[in-house]
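# Observations on chain architecture
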There are 6 protein chains.
Amino acid sequence: MDLMAEKEPILSSFLYASILAHDCLEQALAFVLANRLQNPTLLATQLMDIFSNVMMHDRDIQRSIRLDVQAFIDRDPSCLSYSSALLYLKGYHSLQSYRVAHALWKQGRNVLALALQSRISEVFGVDIHPAAKIGDGILLDHGTGVVIGETAVVGNRVSLMHGVTLGGTGKETGDRHPKVGDLALLGACVTVLGNIKIGEGAMIAAGSLVLKHVPPHSMVAGTPAQVIGSIDEQDPSLTMNHDATKEFFKHLAVSFRDGRSK
Amino acid sequence: MDLMAEKEPILSSFLYASILAHDCLEQALAFVLANRLQNPTLLATQLMDIFSNVMMHDRDIQRSIRLDVQAFIDRDPSCLSYSSALLYLKGYHSLQSYRVAHALWKQGRNVLALALQSRISEVFGVDIHPAAKIGDGILLDHGTGVVIGETAVVGNRVSLMHGVTLGGTGKETGDRHPKVGDLALLGACVTVLGNIKIGEGAMIAAGSLVLKHVPPHSMVAGTPAQVIGSIDEQDPSLTMNHDATKEFFKHLAVSFRDGRSK
Amino acid sequence: MDLMAEKEPILSSFLYASILAHDCLEQALAFVLANRLQNPTLLATQLMDIFSNVMMHDRDIQRSIRLDVQAFIDRDPSCLSYSSALLYLKGYHSLQSYRVAHALWKQGRNVLALALQSRISEVFGVDIHPAAKIGDGILLDHGTGVVIGETAVVGNRVSLMHGVTLGGTGKETGDRHPKVGDLALLGACVTVLGNIKIGEGAMIAAGSLVLKHVPPHSMVAGTPAQVIGSIDEQDPSLTMNHDATKEFFKHLAVSFRDGRSK
Amino acid sequence: MDLMAEKEPILSSFLYASILAHDCLEQALAFVLANRLQNPTLLATQLMDIFSNVMMHDRDIQRSIRLDVQAFIDRDPSCLSYSSALLYLKGYHSLQSYRVAHALWKQGRNVLALALQSRISEVFGVDIHPAAKIGDGILLDHGTGVVIGETAVVGNRVSLMHGVTLGGTGKETGDRHPKVGDLALLGACVTVLGNIKIGEGAMIAAGSLVLKHVPPHSMVAGTPAQVIGSIDEQDPSLTMNHDATKEFFKHLAVSFRDGRSK
Amino acid sequence: MDLMAEKEPILSSFLYASILAHDCLEQALAFVLANRLQNPTLLATQLMDIFSNVMMHDRDIQRSIRLDVQAFIDRDPSCLSYSSALLYLKGYHSLQSYRVAHALWKQGRNVLALALQSRISEVFGVDIHPAAKIGDGILLDHGTGVVIGETAVVGNRVSLMHGVTLGGTGKETGDRHPKVGDLALLGACVTVLGNIKIGEGAMIAAGSLVLKHVPPHSMVAGTPAQVIGSIDEQDPSLTMNHDATKEFFKHLAVSFRDGRSK
Amino acid sequence: MDLMAEKEPILSSFLYASILAHDCLEQALAFVLANRLQNPTLLATQLMDIFSNVMMHDRDIQRSIRLDVQAFIDRDPSCLSYSSALLYLKGYHSLQSYRVAHALWKQGRNVLALALQSRISEVFGVDIHPAAKIGDGILLDHGTGVVIGETAVVGNRVSLMHGVTLGGTGKETGDRHPKVGDLALLGACVTVLGNIKIGEGAMIAAGSLVLKHVPPHSMVAGTPAQVIGSIDEQDPSLTMNHDATKEFFKHLAVSFRDGRSK
């Protein structure tokens, strides 16, 4: 941090004010988020109060914001330092802002939680209902276009690329959104619809449309998505081989052809 | 509203200023949109003047903003009240802002209309050309990533999920964008390209790429999209069963397999 | 410009201040971008200094911003004038802002470059790593949802629709993103993953997921994308026939069926 | 106005938005004042609503804002046009803002009236208690440093230079501030203290400290102020000869010497 | 407070955020001052951090902000409640902001202290050097135009009207500003120049120019000021009879005439 | 500067952006003033353009801003460095802003010049008509409450304390304001009215009201001001003994008594 500040004087005060001036990660994060989310009807000082109060008293959030920042360091190769995640990553910011909105929702402060959801969606392009439940150690990469519905549940150590939708179906209220197991990996622009299960450690290829349960440790792809293989490794969300090694591509190609020529 | 204000004092002034302080929906909406869309080159007070002037004198918009808010109440199960749509839903806000830009376009104030389009795209991530024609009773859910081109036409009571594109093709000017019939339902991340017709009451599955006409009351899916069935109910956009009941999924799976093994 | 200002007095000062008051395109663009990207931790005056300094001294950028604006005029039929691209097109703005961030990155000012990337992603919904290399004469249409990774390379005269991803795979650092040849055309919501080549003059249909090399002058489509034909014309990115003439659609349908029934 | 706008394009939009875009003086003034007085806890849009509502329904204010602007035109030789008073004169702006605060005070909205007083004092350096009563046709020149207390009364067609204090004495509540008669002229930095009368058409020389009643049509000067002559003309506030013609100065000098050598 | 909030919904959120949302006076004051003093180069969130840190750890300031607010309640008849002083009185705000600047100066943070002085002078029109020493229980009424120099010392329970100057003389550095004793009362626009003593319980009439020591419990007036009587009451600053009872005026008139005719 | 930045990280970016990032004093000053004077209708970026253009092309201003900053260093003992004058002194800022307004006035851009005057008066409490002529090497200390009229002329190396008025008289247009000679010193709250001459090297005691010509190298005091002695030193504005050494006070006292008992 000191090095960063020295090397870029234009930003040194912001770096200082954001990080070095605060005793703990919670205060630093409250400062950064308050300044990103402020608008004329939500003062930065009010937001800093709200974020700081929630984060200083909620053990769960304190653990989550640490495990999440570690997830970015471990799995996003262009994220080179804790401070760059804290200061600049939209995915990380939108996730932690949601966590505060979720805590407020649980306290019964629904109006404020919805106001935050609305503002997070405007600023980051990430629309997570404050009632959704999301575990720890999440990588929410880039973030733009992510939509997560009211009754969705996401387990621990999951990786979600940009453009992922965990959407409902129909206009009934009630439990209507996906449940994503631990360690699953959802590629860019994956759409999962309805109260279905994505099994633990499953990998959903980018651009897939998932409309039925996905078995644990399986690979799925396509629109609609179909099982195209299984995952040897335990945790696709951590290796982030979500995409396109040659092997995987061949696998995909074969699976598709075979699946369809039956 | 009074209850909301009582329960969340941090927001009570905003709730009051937005809604209770105004005599009519038009003024309330002008207030909310002006504060969301303002930036250093478009003052909130100027925007409030512009929005208010258009909305107080245009009967069509007055009807649309009422039918649209009803569409959110009827079809979005997480939208619990008129005031929450009015205050917080990005889809609703971007749609009404477009309606003002469209009215200005029709008055020949093209420069201002394009400035608004630009700002709406920046703030909401929704890019609707002010010359596009969109009917009443529209649900524009979440909104992020929606792109609607200059010569597109959307009928009444249509539902458009986030990420929908009604795009052109080629670089000629002229009528080059889709025409969507009444009561159609376009799922998340659907891309429709070219001057083609989406028939009345058609349902396009999430993630589809539509490149040719879609018959009325048909279900289509896939990239490129193909007809996979017909809709018994009259109005998929209202039931919002756009996605993934078990039945629908089976249907999809079978249609695909059959369609391809021919 | 003078006509625009005369016809829309509400915007005339902005039009004047943006364009007529400046001696050169660089200053005008620095003014416009500084006002769009400013926030409480990046003053408009600082940004104007930074953008102006980079653009006044970097011949490459001076050429790029001219060739890019020409690309919008030539290929986007709803872009009617140079000034409207300069003032209002989010795709053009995000591309030129990236160009400045890239120049700063090359000067070793990585912290500032990443701060800009973060802000560009927030304001425009366009997330381009400042280390990525992008040629001249680029059309980045609409922009929302575009993600371009650290080691991606994009040639000259390429057209990129909204929602395009040039993403990495796995969590290793190193050269891991796509290389897009000159004159290629990537349709809306195309996802390309891994260190693969998109050949010169190739056309990727909207919504495709590309996981392996694409030959020059070929048409590809689908998830995963497959070759469905070849391009007679030399430069799909310029004709922008990316989508859905009837011929193209038949082509697609046949290719798919044939490809799969083999 | 049109000429002004043509000659200074940087300001033309502001001139347009302030004046030409509005149907009546009240709306124009509400627009200008809202933009000058706004801060993070008083939105410009809220202020425009408040000012507009008061001014559109209060006949007294409608008359005052017209007679006051005429006073500036008639008596301030550097005020060359109605629009320059309306757009730029701090004295005029602080006076009209007080008028709105006074109307709110009479409606029983004391908290809002005091909030406005506080903001007017911050922005303009003019501190007028909203309960004070001030007549029509007032010239409040420059304004900086003016303080007018809770029970002060100012008649019609009075001229008040900058730095004038109409202050109380002691800490009792009740009627404790000066009463200034019609057509009086109070020079720069005049201090009047206590519930005393400044007679109709009196002239108080700059820098005087007034602690007792001043007869109508008399000239007073000094600290404490003493009567140094009488006014032939009926209306010093209109001729604005408040200061320093040679005659006046001789008069002053003689009066002082005589008065003191008695 | 609750009553105020109920009666004025436009301000209720500000009232809530300022006062009810905070556990202690220090936090509430930090919130209010941060929002008044913020500008593009001093973020509200930074200021809130700075003010809060100083005020939560400095016992002297904690005592001063309580004794000062009491001084407004006791001596300013138009100040009706603690909350109105806290929320709206410019004199109180500028005094407490100075107290923070003074604490920072004592900590050796001179640059930040001077930056605050500059901003306080801009926002409130009150220019107090952060090195000046000011006691407790101070009434700084209205505030506009007050200037207090680097080596000035002000005792406890002093009342200072607007426009008071405690200025230096000459261009030498060193101890060159006035020392004001406890319980003194300085009327509006009093100028005191040089390293001279204003005795305990002295009363300086409005508009006086004081250039030599003033004995304790004496009344002085005029330019230059001369002793015109003595004060029976122990504490003119508390009774605030600073001005213009008939008795006082006669006293003044007689003293002047006598003093000058000798 | 570097030391300041190191010692106060909260301000280091502002210090850097203001001073170190710019090649010349003109650019640095344009940056600082633009950020202080900006408001919703005068963008910081527009102001920076305007200030920078004027200052980079006007030799007179380039000399003035250097001689003025030297005046602060030489004559204001609490001004410890060039950078603190440049960054924080309201008197210096208002003076340089006036210089730009004056240059614009001479170019015939009267509307913009008056807009600047209005904004300078609001932000700094200093109201200088852009047509007034002010020489070089001016100390404008503190600034609050200064008013300088349209036809006023101020010579070189003059010192003006806060609250100084150079006002007109009567309502005729034409040459009606004071002419102040080189090297004169006007104390705090001095009021000079009418087209009269303040002779070279004259000294006006604080709080004086000046209504007739003042001979060169004389001392004047009182309301109305009378000559009370002569100045041995050549340049009172430079020694700044404007006030209250014991000698001066005795002088004053004797002069007054004598003058009046004659």
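Please read these numbers as outputs of a predicted model, since none were measured by experiment.

### A closer look at the interface of chain E and chain F
Contacts between the two partners involve 36 residues from chain E, matched on the other side by 39 residues from chain F. Broken down by class, the residue content of the side of chain E that touches chain F amounts to twelve nonpolar, 16 polar and eight charged.

### What about the interface of chain D and chain E?
Listed per partner, the contact involves 36 residues of chain D and 40 residues of chain E. Looking at the side of chain D that touches chain E, the elements that each hand over two or more residues are α8 (110–124), β7 (165–167) and β10 (191–193) of chain D. Class assignment of the residues belonging to the side of chain D that touches chain E gives a composition of twelve nonpolar, 16 polar and eight charged.

### Looking at the sheet that holds strand β11 (residues 197–198) of chain D
Residues and elements named next belong to chain D. As summarised here, the arrangement of the four strands in space is β2-β5-β8-β11, forming an open sheet in which the pairing is parallel. Two strands in the sheet have a free side with no partner beyond their single neighbour: β2 (133–134) and β11. In terms of strand pairing, strand β8 (residues 179–180) meets β11 through two bridges, oriented parallel. Within β11, the residue paired with V180 across the bridge is I198.

### Details of the packing of helix α3 (residues 25–37) of chain A against helix α7 (residues 90–106) of chain A
All names here are of chain A. For the pair α3 and α7, the least separation of the axes is 11 Å and the interaxial angle reads 100°. Classed by the angle they form, the pair α3 and α7 counts as roughly perpendicular. Contacts between α3 and α7 involve L29, L33, R36 and L37 on the former and, on the latter, H93, Q96 and S97. Its residues assigned to classes, the contact of α3 with α7 shows three nonpolar, three polar and one charged.

### Section: the relation of the copies chain D and chain E
Least-squares fitting of chain D to chain E yields an RMSD of 0.0 Å, with the superposition described by an axial translation of 0.0 Å and a rotation of 120°. With respect to symmetry, the two chain copies, as superposed, fit the operation of a three-fold axis. By residue overlap, the copies meet through two different surfaces: only 14% of the interface positions of chain D are interface positions in chain E.

### A closer look at the sheet that holds strand β14 (residues 218–221) of chain E
All names here are of chain E. What the six strands build is an open sheet, ordered β3-β6-β9-β12-β14-β15; its pairing is mixed. A single partner strand is all that each edge strand has here, and the edge strands are β3 (139–140) and β15 (226–230). In this structure, β14 lies alongside β15, joined through four bridges in antiparallel fashion. Note that in β15 the partner of A221 across the bridge is Q226.

### Section: the domain arrangement of chain A
Residues and elements named next belong to chain A. Along its sequence, chain A is carved into domain 1 (1–126) and domain 2 (132–262). Listed per partner, the contact involves 17 residues of domain 1 and 14 residues of domain 2. Contributions of two or more residues to the side of domain 1 that touches domain 2 are made by α5 (59–75) and α7. At nine residues, the largest contribution of residues to the side of domain 1 that touches domain 2 is made by α5. A breakdown of the residues in the side of domain 1 that touches domain 2 according to their chemical character gives six nonpolar, five polar and six charged.

### Focus: helix α3 (residues 25–37) of chain E
All names here are of chain E. In a regular helix each residue adds 1.5 Å, so 13 residues correspond to 18 Å; α3 covers 18 Å between its end C-alpha atoms and thus fits that length. Of all 13 residues making up α3, ten are buried, and the element is well covered by its neighbours. Listed in full, the buried residues belonging to α3 are E26, L29, A30, F31, V32, L33, A34, N35, R36 and L37.

### Observations regarding the packing of helix α3 (residues 25–37) of chain D against helix α4 (residues 44–57) of chain D
Angle between the axes and distance between the axes: these two values describe a pair of packed helices. Residue and element names in this part refer to chain D. Packing of α3 against α4 leaves a shortest axis separation of 8 Å and a crossing angle of 145°. By crossing handedness, the relation of α3 to α4 is classed as right-handed. Contacts between α3 and α4 involve E26, Q27, L29, A30, F31, L33, A34, N35 and L37 from the first element and A44, L47, M48, F51, S52, M55 and M56 from the second. Considering only residue class, the contact of α3 with α4 consists of twelve nonpolar, three polar and one charged.

### Observations concerning the environment of T165 of chain D
Within the element layout of this structure, T165 of chain D appears in strand β7. Residue classification places T165 of chain D among the buried residues on the basis of 32 C-beta atoms within 10 Å. Along the sequence, T165 of chain D and N39 of chain D sit 126 residues apart, while their C-alpha atoms lie 27 Å from each other. Excluding residues within four positions of it along the chain, T165 of chain D makes contact with V147, T191 and V192 of chain D together with A188 of chain E.

### A few points about the nonpolar core
Within the largest apolar cluster, 572 residues are counted, with the highest numbers of intra-cluster contacts made by I204 of chain A, I204 of chain B, I204 of chain C, I204 of chain D, I204 of chain E together with I204 of chain F. For I204 of chain A, the residues in contact, after removing those within four places along its chain, are L185, L186, G187, V190, I198, V210, V214, V220 and A225 of chain A.

### Considering α4 of chain D
Residues and elements named next belong to chain D. With 14 residues, α4 extends 20 Å from end C-alpha to end C-alpha; this agrees with the ideal 20 Å at 1.5 Å per step. For α4, a buried count of ten out of 14 residues is recorded, marking the element as mostly surrounded by other parts of the structure. For α4, the set of buried residues is A44, T45, Q46, L47, M48, D49, I50, F51, V54 and M55.

### Some words on the relation of the copies chain E and chain F
Structural alignment of chain E on chain F gives an RMSD of 0.0 Å, achieved by rotating through 120° and translating 0.0 Å along the axis. Taken together, the interface assignments show that only 14% of the residues at the interface of chain E recur at the interface of chain F, consistent with different surfaces on the two copies.

### Quick look at the pairing of strand β14 (residues 218–221) of chain F
Two strands pair when backbone bridges link them, and strand β12 (residues 203–204) of chain F and β14 of chain F are joined in this way by two bridges, in the parallel orientation. Of the residues in β14 of chain F, the one forming a bridge with M203 of chain F is M219 of chain F.

Calculation criteria
Residues numbered from 1 in each chain as written. Chains lettered and ligands numbered in written order. Predicted model: local features only at pLDDT ≥ 70, side-chain atom pairs only at ≥ 80, totals over all residues. Contact = placed C-beta atoms within 7 Å. Nonpolar A, V, L, I, M, F, W, Y, C, P; charged D, E, K, R; others polar. Helix = DSSP H or I, 4+ residues; strand = E, 2+ residues; numbered from the N terminus. Pairing = 2+ DSSP bridges. Axes fitted to C-alpha atoms, helices over the stretch in contact; angles between N-to-C directions. Parallel < 35°, antiparallel > 145°, perpendicular 65-115°, else oblique. Least-squares fit on C-alpha atoms with pLDDT ≥ 70 in both. Domains from an automatic or database assignment. Expected span 1.5 Å × (residues − 1). Buried ≥ 20, exposed ≤ 12 C-beta atoms within 10 Å, placed from the backbone. Left-handed = near helix turned anticlockwise from the far one by under 90°. Core = buried A, V, L, I, M, F, W, Y, C linked by C-beta atoms within 7 Å.

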